[in-house]
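A structural walkthrough
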Amino acid sequence: MAKNLVIVESPAKMKTIKKFLGSNYTVDASMGHIRDLPKSSMGIDIEHDFEPKYITIRGNGDLIASLKKEASKADKVYLATDPDREGEAISWHLKTALGLEGTNKAARITFNEITKDAVTKALKNPRDINMNLVDAQQGRRVMDRIVGYSISPILWEKIKRGLSAGRVQSVALRMVCDRDAEINAFIPKEYHTVEASIKNGAKRVKASYYGENGKKTALEDAASAEAIVNDVQDKTVLVAEVTDSDRQKNAPWPFTTSTMQQEASKLLNLSTQQTMRVAQKLYEEGHITYLRTDSIRVSDEAVAAAKGYIYENYGEAYVSHRQASGKAGSNVQDAHEAIRPTHIENTPASLKDKLGRDEFRLYQLIWKRFVASRMTPAVYAQTRVRLECGTHTFTAAGSKKKFDGFLSVYKSDSEEDENKQDLDFLKKGDDVVFASVEDIQHFTEPPAHYTEASLVRALEEDGIGRPSTYAPTITTLLARNYVTKEKKNLYVTELGIAVNELMVTAFPNIVDTGFTAKMESELDKVAEGQLNWKKAVGDFYPDLESSIKSARENLGRIKVADQVTDVICDKCGRNMVIKYGPHGKFLACPGFPECRNTKPLLEKIGMQCPKCGAEIVKRRTKKGRLFYACENQDCDFVSWRKPTRKSLEEAANAANSSKAEAADEAATDEKKM
């Protein structure tokens, strides 16, 4: 009989850890949280110091009974949930639910990576549950519950049912709204540049107008630019100065949660939610370290392994000796290492056949980023040339890569922006003539719409949320239809604008970035044992309570227009509108209640049916399960899984083969007749 019980959150993690432990250990999974606040009520006793009323999550009764039975048979119960505040709280709930309070049976263990060495070391160094971390999680959970359950009913009353507010979610919505408002209010301003080219054999190099009499000059209109073109056209131009220098481009640090989400979006086209889901699987299968971190710190052992790998595969010149401070920003908790591969020798190529497509692509990105972070800078030979024609000055810049350094492993798309033109043929004192000079009209550009990646970066820079909250925050904004995504850009919807206007008017503190960042700082103090969590919540609550009362009494109802489509109601002839229900979007007649006609909204996924060539669309069963089908009602193509180009080609080939066989059979039958 096993003497020890190890409890983790997920079956995948359980499966990986079982490989490392012998017959003296039983490994079981809690399936995440086993206790939480009730969904049917706020579950916070505000009158009695904000005491939370935890209940067993519905459906977990049999699981808890099973874990209790296993715990009763074990000499020691190791609570091995994730190494963060959420994981610490899950362990605390497990200890309580399994009746292990007041006994010496339960111990907390943590590991930053799921490897044999890390798990074995953790088992040799058990500790008590860190109640400071538990309290920080409780403080966040209670604050978020109070905000959500207090403000959401006001949104239902003043706008419509089914809406929600959140402490971090509402700030993120305001940021998107403010950015869209800034873009809409933007008035382009005209400006001009004068660009010249110099012939070098068959090639041309570019030079840009700098200014007059040695001073930088802005060109605001066509007349100013045209005057310069006329002044220098066909004139002799003096190469007045040539400056050569070397420029280093340093390797990026290894990934934090935020930077991983940003790069995965930019280079792999993965959403924040997809990135975290794939990274979770890589972590649970033992391929990468813990995925929720805002630190760039790396263990000495991992650094040594990376340097050894680089020395053997690239040479001593590529090994960097710079030291990371461990900090990626001012709000870093630094509880974990950066995200890195658990074993540097597990190259992406060696794991390609063992990983799914997205797992491989993300692992490759993480592996390359970590290896690059321990490599020397790339070095560019940089040349700057000053050209003079009368009182006018032009400049040209060029660079050539002298040493690739970390770029031999890791490149982002910013590498494409390097100015690679060769200016070696230009010598100081030379006279040249511009092959062409032209005035180019420009207009100032508005700020870019937020993407998921840039919104994550902005949230992190403002100290809003933590690594675990970025993806669910953005997912909620999209799911609530406050924000929509086209290509990679995020756009606020009319509903999002209405919700934000109410929040800004009635709850200015909740949507204030400074206030929300301060609350995050307060929770950090709780985690460090410097502040009681109930004191933090108590300081926060009175202003919220006052704002809620004022909103109920003073705010009027806000009307949000439905999005009109070109689909005509076949019962009354009106243009149908998009509505949102428990299972997503659907079409409804705006003539309700006189006309109650509804239709499914067919969301096309940009692929053709392999059987009839019509568009494939998303559909849902009556119970809400998603499936994929042909938009042609007479076609029988359906798939529970999202089709891929490959699967559709295979289906098309199978369909064509069936048609050919049917045709052959018909021909044979006809001959027999």
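The following refers to the structure shown. (Residues numbered from 1 in each chain as written. Predicted model: local features only at pLDDT ≥ 70, side-chain atom pairs only at ≥ 80, totals over all residues. Heavy atoms only, no water.)

This paragraph deals with the overall build of the protein. Looking only at helices and strands, one finds 18 helices and 26 strands in the protein. Dimensions along the principal axes, computed over C-alpha positions, put the protein at roughly 90 × 85 × 70 Å. Across the 673 residues of the protein, 46% fall into the buried class. Considering only contacts in the protein between residues 6 or more positions apart, those separated by 24 or more positions represent 69%. For the protein, the computed accessible surface area is about 34,700 Å², with 47% contributed by carbon and sulfur atoms. Averaging the coordinates of the 100 positive side-chain charges in the protein and doing the same for the 95 negative ones gives two points 5 Å apart. (Helix = DSSP H or I, 4+ residues; strand = E, 2+ residues; numbered from the N terminus. Buried < 20%, exposed > 50% of the residue type's maximum accessible area, 1.4 Å probe, protein only. Contact = heavy atoms within 4.5 Å. Areas by Shrake-Rupley, 256 points an atom, 1.4 Å probe, with all protein chains shown as cover. Lys, Arg positive; Asp, Glu negative; His and termini not counted. Charge placed at Lys NZ, Arg CZ, Asp CG, Glu CD.)

Regarding helix α14 (residues 470-479), the residues found buried are Tyr 470, Ala 471, Thr 473, Ile 474 and Leu 477. Down the axis of α14, the buried set is contained in an arc of 165°. They therefore lie on one face. Residues of α14 that are buried sit in contact with α6 (169-185), α8 (257-268), α9 (272-284), α13 (452-461) and β17 (483-486). Directly beyond the C-terminal end of α14, a positive phi value near 65° is found at Asn 481. (Arc of directions from axis to C-beta.)

The next thing to look at is helix α16 (residues 513-527). Since the α-helix packs 3.6 residues into each turn, any two residues three or four apart lie on the same face. Across its 15 residues, α16 extends 21 Å between first and last C-alpha, which sits within 8% of the 21 Å expected from 1.5 Å per residue. Turning to α16, its buried residues number three or more, namely Phe 515, Thr 516, Met 519, Glu 520, Glu 522, Leu 523, Asp 524, Val 526 and Ala 527. Those residues of α16 hidden inside the fold are in contact with α3 (85-97), α5 (131-158), α6 and α17 (533-554). Where α16 terminates, the next one or two residues include Gly 529, which has phi positive at roughly 80°. (Expected span 1.5 Å × (residues − 1).)

It is worth spelling out the packing of aromatic side chains at this point. Inspection of every chain in the model, using the stated rule, returns 10 aromatic pairs. Summarising the aromatic geometry, the rings of Tyr 314 and Tyr 318 are spaced 5.9 Å apart at their centres and angled 50° between planes, so their arrangement reads as tilted. Tyr 318 sits in the buried class, given a relative accessible area of 15%. An aromatic cluster is built from Tyr 209, Phe 394 and Phe 434, whose rings are joined through pairwise contacts. In this arrangement the basic side chain of Arg 179 is found over the ring face of Tyr 450, its NZ or CZ atom lying 4.1 Å from the centre. Between the NZ or CZ atom of Arg 322 and the centre of the ring of Trp 253, over which it lies, the distance is 3.6 Å. (Phe/Tyr/Trp six-rings, centres within 6.5 Å; stacked < 30°, edge-to-face > 60°. Lys NZ or Arg CZ within 6 Å of the ring centre and 35° of its normal.)

Nonpolar side chains tend to gather and get buried jointly when the protein is soluble and globular. Formed by 78 residues in total, the largest nonpolar core has its most connected members in Phe 507 and Leu 544. Per element, the largest residue contribution to this core is nine residues, and it comes from α5. Membership of the second largest hydrophobic core comes to 61 residues, among which are Met 260, Ala 264, Ile 310 and Ala 378. (Core = buried A, V, L, I, M, F, W, Y, C linked by side-chain atoms within 4.5 Å.)

Strands sit in the order β2-β1-β7-β8 across an open sheet of four strands; the sheet is parallel. Sheet topology places β2 (25-29) and β8 (106-108) at the edges, where each strand pairs with a single neighbour. Looking at each pair of strands side by side, their axes are set apart by 25° on average, direction ignored. Examined bridge by bridge, strand β1 (residues 4-8) and β2 share five bridges and lie parallel to one another. Bridge pairing in β2 places Leu 5 opposite Thr 26. (Pairing = 2+ DSSP bridges. Axes fitted to C-alpha atoms, helices over the stretch in contact; angles between N-to-C directions.)

Going from Phe 592 to Pro 593, the amide bond is cis rather than trans, its omega being 10°. Turning to its location among the elements, Pro 593 is positioned in the loop between β21 (584-588) and β22 (598-600). Backbone geometry places Asn 213, a non-glycine residue, at a positive phi of 55°. Along the chain, Asn 213 falls in the loop between β10 (203-212) and β11 (215-216). Judged by relative accessible area, which is 57%, Asn 213 ranks as exposed.

The values are spatial; any link to function lies outside them.
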